[in-house]
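Geometric and topological summary
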2 protein chains.
Amino acid sequence: MLEAKLEDAGILKKLIDAIKELVTDANFECSEEGITLQAMDNSHVALVAVKLVQSGFKKYRCDRPMPLGVNVGSLTKVLRCAKDDDTCTLRAADEADVLNLTYEPKNSDRVAAYDLKLMDIDSETLGIPKTSYEARVVLSSAEFLRIVRDLSQLGDSVRIEVSKEGVRFASDGEAANGSVLLKGQGPIGKVEQEKKEKKDDDEEGEDEDADGDKKKEKKTKVKKEKDGDEDVEMDDDEAADEDGEEEKEDDEEDDDDDEGSKKRKKKARLSKSSPKASKKAKTASSSKSKKGKSKADDDDDDKDAVLIQMNSHVSLTFSLKYLVNFSKSSNLTRKVELYMSNDVPLLVSYTFGEGYVRYYLAPKIGDD
Amino acid sequence: MLEAKLEDAGILKKLIDAIKELVTDANFECSEEGITLQAMDNSHVALVAVKLVQSGFKKYRCDRPMPLGVNVGSLTKVLRCAKDDDTCTLRAADEADVLNLTYEPKNSDRVAAYDLKLMDIDSETLGIPKTSYEARVVLSSAEFLRIVRDLSQLGDSVRIEVSKEGVRFASDGEAANGSVLLKGQGPIGKVEQEKKEKKDDDEEGEDEDADGDKKKEKKTKVKKEKDGDEDVEMDDDEAADEDGEEEKEDDEEDDDDDEGSKKRKKKARLSKSSPKASKKAKTASSSKSKKGKSKADDDDDDKDAVLIQMNSHVSLTFSLKYLVNFSKSSNLTRKVELYMSNDVPLLVSYTFGEGYVRYYLAPKIGDD
DNA sequence: CGGTCTGGAG
DNA sequence: CTCCAGACCG
């Protein structure tokens, strides 16, 4: 038996809306930890992984693991019947053949209930590409959307290149070639992946601060939860310090190394961990560094700030069609994280208060 | 070598957006005076003339005249990649086969650069219809847009009639007929075209004076600046003299034979007539005529004010489809000027700080 | 949230 | 070629 109450139906609406063009049918795997969905897109080129953590719900109960096979198109129709700020409750009996969705405005006696027919869907087990990367870029989700949308007008694919210069998105087309270079806001550090703690609602996710460049020693593994969802982590060789913390220091400038600055933000992501506190700390430390980087930590850092971490230069080419599609998730959170390593699938991750949506896309082969 | 920096890419975006449905390919003629473009619409019914004056750029350099043949659709795509307030720089080397467009947000480390492929385009020399008119109407561009859009729902064409009563836009359709009458805000004066005085920024713009172009033989020489620009001026031949009174309306009444009247207007159309001198004279005379024109000059009149000047009654019928299309330029400036003479193409002119866009449209023959 | 425009399907 | 649906923009 499942009963999951979301404070705002909007989250679910945006989430499903973002993936509906990629996935037509999928199993919502419900367990006591939350609800996950993983699916290959219709053409089996991209992989979508969604998670709504139990803690993201106002109320959550799931007695036993159960897969709910839904037609995403049908679910979209049902979700359109909810207003963004309606409270939305999902219910399914064990072995049920319908998923019940109830919408209740926060101040009203109205109650709308829908029963979505379920279907049996083969759980094709999907291999999540990898969990450590040579480069990580965190940027405004709106900017990423803008870039891929712009470039998609010129050509079909984009070459994403992370170098000391920054991150460059370039596309060649019949009528014109285009290139967008983002400098990054501070020294380029090694990849670290803690992205987790929950900051405020939409922002969280990315407070990773810039840790300047520390050497690569710290790696970061994000892994969080116990069971291992796929977490992202950078592969920095030596790194490995305990995952708990990443050392994100602040200084991007001279990076003084993060002496104590690195706090533990990472794990927080799934586990709730202590959000605010850590963030605060970080902010302070960073502030001391040079001028501006303060932004790094403050989650509300200016939305234009771009964080770039890389262990080695990467250059990959991807289909813009998919990236544009992934970018529909921009309305879920203000930041997006790109994880790349040469010759392996790109991970585009949107983390928000209640969970995340991650997209994996294989690079085009002939990429330079 | 061309290097032209516009403070805001928005101007160019709106400009190109406005003409993209009329023109598919065109030469941007760059010279030290600025950039001009002249082209017939795809069906050769309308003519578009654009000018961006050198002084409208934040920085402008063009060592030698050069035509840049661009596909307007491609340019539109590239311009869509710019935000309205981005600084936009156009660059082209001599003999280059690409036009480089660089966009830089005013506060950011982002730099986007696009190379638009150029093409060779035959400079079909275009004959700018005429330079003097029997009637001039200046009205809010938004109002003009509204009128033609409204009427376009009823029928395919509109009869524009300028009389002592004001200016009337009328359309007959299957289901309904419609008519919009604008009174004009003051007495109707003679046409005067000095509009060149600089009025407020968005108004002036075309100081190039009119030398109109004479018969089509000059056709294009766009390059040559001086002689070529098309300038608008009214042809008040007779008007000038006695213009004081507008008895002209009567003529059209019986116009038919009005040998005299017709012909002269005819000729006006093709011949360029004497520019400056006449104009000056005219202006003076006109001013003395009724009082109305006073406002004429003050262009900044309230935006709803409609200025009407006419030497003789005019009544012409045009395709609404084109007028609606021309009206896309409404977002460039608050005022639009309509210049008309019986049986010659209408001139719809939008003048803004950096230059102007002018559209010429031949009247429908069977107009009443 | 609503309106307009573009793309896809019949 | 027209109509309907989806996406994008204001």
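The notes below deal with the structure included here. (Residues numbered from 1 in each chain as written. Chains lettered and ligands numbered in written order. Predicted model: local features only at pLDDT ≥ 70, side-chain atom pairs only at ≥ 80, totals over all residues. Heavy atoms only, no water.)

This paragraph deals with unusual backbone geometry. All names here are of chain B. For glutamate 95, which is not glycine, the phi torsion reads 60 degrees and is therefore positive. Its place among the elements puts glutamate 95 in the loop between strand S7 (87–92) and strand S8 (98–104). Residues other than glycine seldom take positive phi values, yet aspartate 343 does so here, at roughly 65 degrees. Turning to its location among the elements, aspartate 343 is positioned in the loop between strand S16 (335–340) and strand S17 (346–352). Residue classification places aspartate 343 among the partly exposed residues on the basis of a relative accessible area of 34%. (Helix = DSSP H or I, 4+ residues; strand = E, 2+ residues; numbered from the N terminus. Buried < 20%, exposed > 50% of the residue type's maximum accessible area, 1.4 Å probe, protein only.)

Another aspect to go through is the nonpolar core. Grouped together as the largest cluster of nonpolar side chains are 158 residues, with contacts concentrated most on A:Leu323 and B:Leu323. Not counting the four nearest positions on each side in its chain, A:Leu323 is found in contact with A:Phe144, A:Val148, A:Val158, A:Ile160, A:Phe318, A:Leu346, A:Val348 and A:Leu361. Core analysis: the next-biggest nonpolar cluster, separate from the first, contains ten residues, B:Leu47, B:Leu126, B:Tyr133 and B:Leu347 among them. (Core = buried A, V, L, I, M, F, W, Y, C linked by side-chain atoms within 4.5 Å. Contact = heavy atoms within 4.5 Å.)

All names here are of chain A. Viewed as axis vectors pointing N to C, helix H1 (residues 9–19) and helix H2 (residues 72–79) meet at an angle of 145 degrees, and their least axial separation amounts to 10 Å. Taken as a pair, H1 and H2 cross one another with a handedness that is left-handed. Residues Leu12, Lys13, Ile16 and Asp17 of H1 form the contact with H2, whose own contacting residues are Val72, Leu75, Thr76 and Leu79. Looking at the contact of H1 with H2 residue by residue, the classes come out as five nonpolar, one polar and two charged. (Axes fitted to C-alpha atoms, helices over the stretch in contact; angles between N-to-C directions. Left-handed = near helix turned anticlockwise from the far one by under 90°. Nonpolar A, V, L, I, M, F, W, Y, C, P; charged D, E, K, R; others polar.)

For these two chains of identical sequence, chain B goes onto chain A by a turn of 123 degrees and a shift of 0.7 Å along the axis, with RMSD 0.2 Å. On the angle and the small slide along the axis, the relation comes out as a three-fold axis. Considering only C-alpha atoms, the part of chain B nearest the rotation axis is B:Asn331, at 16 Å. (Least-squares fit on C-alpha atoms with pLDDT ≥ 70 in both.)

Another aspect to go through is the environment of A:Ala49. Residue and element names in this part refer to chain A. Residue placement: alanine 49 occurs in strand S4 (residues 46–53). Residue classification places alanine 49 among the buried residues on the basis of a relative accessible area of 1%. Between the C-alpha atom of alanine 49 and that of arginine 358, which follows or precedes it by 309 residues, the distance is 5.1 Å.

Residues and elements named next belong to chain A. Under the definition given, this model contains 14 aromatic pairs over all chains. Between tyrosine 103 and tyrosine 114, the ring centres sit 5.3 Å apart and the planes meet at 40 degrees, which makes this aromatic pair tilted. In this pair, tyrosine 103 is assigned in strand S8 (residues 98–104) and tyrosine 114 in strand S9 (residues 112–117), connecting sequence segments eleven residues apart. Residue tyrosine 103 is classed as buried on the basis of its relative accessible area of 1%. (Phe/Tyr/Trp six-rings, centres within 6.5 Å; stacked < 30°, edge-to-face > 60°.)

Given 3.6 residues per helical turn, the α-helix brings residues three or four places apart onto the same face. All names here are of chain A. Every buried residue belonging to H2 is among Val72, Leu75, Thr76, Val78 and Leu79, and all of these are buried. In a view along the axis of H2, the buried residues occupy a sector of 165 degrees, so they form one face of it. Residues of H2 that are buried make contact with H1, strand S2 (25–31), strand S6 (66–71), S8 and S9. N-capping of H2 is provided by asparagine 71, with a side-chain oxygen placed 2.9 Å from the backbone N of glycine 73. (Arc of directions from axis to C-beta. Polar contact = N/O pair within 3.5 Å; in protein donor to acceptor, adjacent residues only side chain to side chain.)

Another point: the interface of chain B and chain A. If you look at the interface, chain B gives 16 residues, while chain A gives 19 residues. Summing both sides of the interface, chain B and chain A together bury roughly 1400 Å²; the carbon and sulfur share of this comes to 44%. Our enumeration of links across chain B and chain A arrives at two salt bridges. Its salt-bridge partner being B:Arg110, residue A:Glu143 comes within 2.7 Å of it at the nearest N-O pair. For the side of chain B that touches chain A, the secondary-structure elements that each account for two or more residues are helix H2 (72–80) and strand S9 (111–117) of chain B. Broken down by element, the residue count for the side of chain B that touches chain A peaks at seven residues, all from S9(B). Residue composition of the side of chain B that touches chain A, by class: eight nonpolar, one polar and seven charged. (Buried area = accessible area lost by both parts, 1.4 Å probe. Salt bridge = Lys/Arg side-chain N within 4 Å of Asp/Glu carboxyl O.)

The values are spatial; any link to function lies outside them.
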